[in-house]
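# Structural overview for review
In case you want the letters, here they are:
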Amino acid sequence: MIQTENRINNLFEQHSDSSKIMSLFLTAGYPDLESTVELILGFEENGTDLVELGMPFSDPLADGPTIQYSSNVAIEQGITMDKIFDMVREVRKHSEIPIILMGYINPVLRYGVTRFCERAAASGVDGLIIPDIPLEESGIMVDEARAHGLPIVYLVAPNTSDERMRRIDTHSEGFVYCVSVTGVTGAREGDEVAQSVQRFIERVKTNVTRNPKMVGFGIKSHEDAQRISRDMDGFIVGSALIDTIRAHYPEEGWKDEVFAFVHSLKYGKL
Amino acid sequence: MAAMRYNLPTKEGYFGNFGGKFVPEILIPVLEELEEAYNRAWNDEAFRNTYLDLLQDYVGRPTKLTYANRLTDYYGRARIYLKREDLCHTGAHKINNAIGQILLAQRMGKERIIAETGAGQHGVATATACAKFGVDCIVYMGAEDMERQKLNVERMRLLGAEVRSVESGSKTLKDATNEAIRDWVTNVEDTFYIIGSAVGPHPYPKMVRNFQRIIGDETRKQLEEVEGRLPDYLLACVGGGSNAIGLFYPFIEDEKVQMYGVEAAGLGADTDQTAATLTIGDPGVLHGSLSYLLHDKEGQIQLAHSISAGLDYPGIGPEHAYLQDSSRVIYAPITDEQAMEGVKLLSEQEGIIPALETAHAVAYLEELMPRTTEDELLVLNCSGRGDKDMGTISKNL
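This one's a predicted model, so the numbers in the text were calculated from it and none came from an experiment.

What follows concerns the overall build of chain B. From N to C terminus, chain B includes 17 helices and 14 strands. When its C-alpha atoms are laid out on the principal axes, chain B stretches across 55 × 45 × 40 Å. Counting the 397 residues in chain B, one finds 66% classified as buried. Within chain B, residue pairs in contact and separated by at least 24 positions form 73% of the contacts whose partners lie at least 6 positions apart.

And the structure:
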């Protein structure tokens, strides 16, 4: 079983104020290898509760153009699994923010599942999201992850049946990642997300009862986030964050612009 | 020795350690729906008859089994037969699968068809099937492949397909496949993804194999008629592996039939310009299934290279991975240069200009034939014709 002192569990158990939990996705090594740690620490200072650190893959088939781009940049900069673990270790010198590694299974298999879980846990990683490992294929790493106290977060999508949502809720640990729209990752117009999402949210509320619920895909502003996560424990932003980095990097003061965006996502525009 | 029983994949989609469904959650319900529809259709006589009628009246099946007398004399060993998939409508075996899948799409009420293509042969086959059925067709093709295979792009457009240029990654087949999957994930409700080879998540490898097994079924029957017995050797090229598995599958339980799959070594299996996945690759996950693939030490997919665009893929169908590991099939690499020799050999000896893919299998005769004897029989799958490759062929002659 997952040890109770896991930072993700603590986050959801101890979260008391009325604001939603905010999780940010950042591709490790984007926009450069040096900035990742500083960005994570700055995200935390600006209201981020949880970080999903992306393990870049050359063929991210569930991702839209934004995360394809950030993944390519990170790979070109020479990101490796060991460097990602170093980044997490560095963050841990300064912060207890929960960190989930998120990425495709192939680099994990290549690294070796056992070795990967050992090093992830030792570096201070709190959980894993592997989008191309559905429940059916979880056997490939679930025991190793559990043995190292690493919860695996599963996803539910708008076309996931009620029965399957309940099954995923049983197996998911940490929280359930609710994908608000069918499609790849990427910022979308607010209306596009809101219209289709309500019925899905209702189904999630009914069927996901054991785990906290985080909603993601397409969220690009505080207003989107508030509207979509009303009945959820929190929300996840990825592509819109990376788009913001891309818009300002490497001009002077780019990090401040990024942190201001992060702050506004959580608290609204000042 | 007891006859070997072969009934893979398992219901989870595994061939030994290979296969599976490594896809995002959104695709799970879609794959389940597809599998159920496929199983029902395949067991429905009316569906099978419609499929076989189209293969007969539209594709031109059964394709001939041609005795290659001059090629046989050239080696002076086993008698060589050619299974003439090059005579299929559109010039290659790809159409067998495209017809099967489009019939299934129709049955499932999916009106929007998408496909990926590398060399353009599967794209042309799919565009052809879509024209025949009057449905919308979108083909994803790497920008670089579009440049290399202009003629096929024009053919697809003439057939009414929309060819979407893929600018991401290496701008070749693997990226076109990524983009097709992204489209599918986005349009799950109304879209059917016609995968062109025995790759991808379960049930695709099984489904594509079964739509291609007609090659082996006919071969068995035709050889029985002329020789009264089974072949001793089967020989086919493998990229993703659909023509090879189509030929091999009906013979898998016949232990005396030796099978050889020939993959593209590019400049050499010991160079970084290769597509010899089974020879030098490692197990990993690409495009929804666990199989052998070409990747670096961080698990990033490497670019494949082959003179043949149809073999230029860093993965391989999971069933071939299993057949290699279980030693049922022997896989061997053939270089670009050897493949060019294969083109010349078949053209000069038999008056058949083979596709560059097929030429890899032809070239392997140099290694295989000396080990055969005069009383043995060999069938080589002539998977496609070479017209599409004339540009590349004349540059390399």
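So, about the nonpolar core. Considering soluble globular proteins, one finds that nonpolar side chains tend to be buried as a cluster. Counting 193 residues, the largest nonpolar core has Leu-101, Phe-116, Met-141, Phe-175 and Tyr-177 of chain A together with Leu-104 of chain B as the members making the most contacts within it. Ranked by residue count, the leading element in this core is helix H1 (residues 27-42) of chain B, at 9 residues. The residues contacting Leu-104 of chain B, other than those within four sequence positions of it, are Leu-34, Ala-37, Tyr-38, Ala-41, Phe-47, Phe-192 and Met-207 of chain B. Ranked by size, the runner-up nonpolar core spans 38 residues in total, among them Tyr-233, Leu-235, Val-343 and Cys-382 of chain B.

All names here are of chain A. Within this numbering scheme, the UniProt entry marks Glu-52 and Asp-63 as carrying the feature "active site" (unreviewed entry). Assignment of secondary structure puts Glu-52 in strand E2 (residues 50-55). Leaving out residues up to four positions away in the same chain, Glu-52 has contacts with Ser-23, Leu-24, Phe-25, Leu-26, Ile-100, Met-102, Ile-129, Phe-175, Tyr-177 and Ile-236. Tracing the backbone shows Asp-63 in the loop between E2 and helix H3 (65-76).

Turning to the packing of aromatic side chains, a few remarks are in order. Taken as a whole, this structure holds 23 aromatic pairs over all chains when the rule is applied. Plain terms: the ring middles of Phe-85 of chain A and Tyr-111 of chain A are 5.7 Å apart, the flat faces sit at 70° to each other, and that makes the pair edge-to-face. Linking Phe-85 of chain A in helix H4 (residues 81-92) with Tyr-111 of chain A in helix H5 (residues 105-111), this pair joins segments that are 26 residues apart in sequence. In this pair, the class of Phe-85 of chain A matches that of Tyr-111 of chain A, namely buried. Where Tyr-260 of chain B meets Tyr-364 of chain B, the ring centres are 5.8 Å apart and the plane angle is 40°; that geometry is what we call tilted. Here the residue Tyr-260 of chain B occupies a position in strand E10 (residues 258-266), and Tyr-364 of chain B occupies one in the loop between helix H15 (356-363) and helix H16 (365-368), the gap between them amounting to 104 residues. On the accessibility criterion, Tyr-260 of chain B (7% relative accessible area) is buried. On the basis of relative accessible area, Tyr-364 of chain B is assigned to the buried category, the value being 4%.

This next bit is on the pairing of strand E11 (residues 282-286) of chain B. All names here are of chain B. Relative to strand E12 (residues 289-293), E11 runs antiparallel, the two sharing 5 bridges. Within the sheet, the bridge partner assigned to Val-285 lies in E12 and is Leu-290. Turn length for the E11-E12 hairpin, with the two strands adjacent in sequence and antiparallel, is 2 residues, and the turn residue His-287 shows positive phi of about 50°.

This part is about H1 of chain B. Given 3.6 residues to a turn, an α-helix orients residues that are three or four positions apart in the same direction. Taking 1.5 Å per residue, 16 residues should reach 22 Å; H1 of chain B reaches 22 Å between its end C-alpha atoms and fits that length. Looking only at H1 of chain B, the buried set comprises Leu-27, Ile-28, Pro-29, Val-30, Leu-31, Leu-34, Glu-35, Ala-37, Tyr-38, Ala-41 and Trp-42 of chain B. Elements that come into contact with the buried residues of H1 of chain B comprise helix H8 (162-171) of chain A together with helix H2 (45-59), helix H4 (94-107), helix H8 (173-186), strand E8 (191-194) and helix H9 (204-212) of chain B.

Let's shift gears to the sheet that holds strand E9 (residues 233-238) of chain B. All names here are of chain B. Spatially, 6 strands are ordered E3-E4-E14-E9-E10-E13 in an open sheet, and the strand pairing comes out mixed. Because the sheet does not close on itself, it has two edges, and the strands there are strand E3 (65-67) and strand E13 (329-335). In this sheet, neighbouring strand axes are inclined to one another by 25° on average, regardless of whether the strands run parallel or antiparallel. Pairing analysis gives 3 bridges linking E3 to strand E4 (residues 79-84), with the strands arranged antiparallel. Across the sheet, Leu-65 pairs through a bridge with Lys-83, a residue of E4. Against the sheet, helix H14 (residues 336-350) makes contact with E3, E4, E10, E13 and strand E14 (377-382), and its axis sits at roughly 95° relative to E13, the strand it touches most.

This part takes up the sheet that holds strand E5 (residues 154-156) of chain A. Residues and elements named next belong to chain A. The 8 strands lie next to each other as E4-E3-E2-E1-E8-E7-E6-E5, forming an open sheet whose pairing is parallel. Looking along the sheet, the strands with just one partner apiece sit at the ends: strand E4 (127-129) and E5. Direction aside, neighbouring strands of the sheet carry axes that sit 30° apart on average. Sheet analysis places strand E1 (residues 21-27) next to E2, joined by 5 bridges and oriented parallel. Across the sheet, residue Ser-23 finds its bridge partner in E2, namely Leu-50. Most of the contacts of helix H2 (residues 35-45) go to E1, to which it runs at about 170°, and overall it touches E1 and E2. Strand contacts of H8: E5 and strand E6 (176-179), with the helix running at about 160° to E5, the strand carrying the most contacts.

This part is about the packing of H2 of chain A against helix H12 (residues 254-267) of chain A. Residue and element names in this part refer to chain A. Running from N to C, H2 and H12 point in directions that differ by 35°, and their axes come no closer than 10 Å. Here the hand of the crossing between H2 and H12 comes out right-handed. For the pair H2 and H12, contact is made by Ser-35, Glu-38, Leu-39, Gly-42 and Phe-43 and by Trp-254, Lys-255, Val-258, Phe-259 and Val-262, respectively. Looking at the contact of H2 with H12 residue by residue, the class counts come to 6 nonpolar, 2 polar and 2 charged.

The partner chain A presents 36 residues to the 36 residues of chain B that form the contact. At the junction of chain B and chain A, the tally comes to 3 salt bridges. Here Asp-59 of chain A ties to Lys-174 of chain B by a salt bridge, and the two come within 2.8 Å at their closest N and O atoms. There are 20 residue pairs in polar contact (both at pLDDT 80 or more) connecting chain B and chain A. Sorting the residues of the side of chain B that touches chain A by element identifies H1, H8, E11 and E12 of chain B as the ones contributing at least two each. Per-element accounting of the side of chain B that touches chain A gives the leading share, 8 residues, to H8 of chain B.

The rules behind the values
Residues numbered from 1 in each chain as written. Chains lettered and ligands numbered in written order. Predicted model: local features only at pLDDT ≥ 70, side-chain atom pairs only at ≥ 80, totals over all residues. Heavy atoms only, no water. Helix = DSSP H or I, 4+ residues; strand = E, 2+ residues; numbered from the N terminus. Buried < 20%, exposed > 50% of the residue type's maximum accessible area, 1.4 Å probe, protein only. Contact = heavy atoms within 4.5 Å. Core = buried A, V, L, I, M, F, W, Y, C linked by side-chain atoms within 4.5 Å. UniProt positions renumbered as here; feature names shortened; annotations may be inferred. Phe/Tyr/Trp six-rings, centres within 6.5 Å; stacked < 30°, edge-to-face > 60°. Pairing = 2+ DSSP bridges. Expected span 1.5 Å × (residues − 1). Axes fitted to C-alpha atoms, helices over the stretch in contact; angles between N-to-C directions. Left-handed = near helix turned anticlockwise from the far one by under 90°. Nonpolar A, V, L, I, M, F, W, Y, C, P; charged D, E, K, R; others polar. Salt bridge = Lys/Arg side-chain N within 4 Å of Asp/Glu carboxyl O. Polar contact = N/O pair within 3.5 Å; in protein donor to acceptor, adjacent residues only side chain to side chain.

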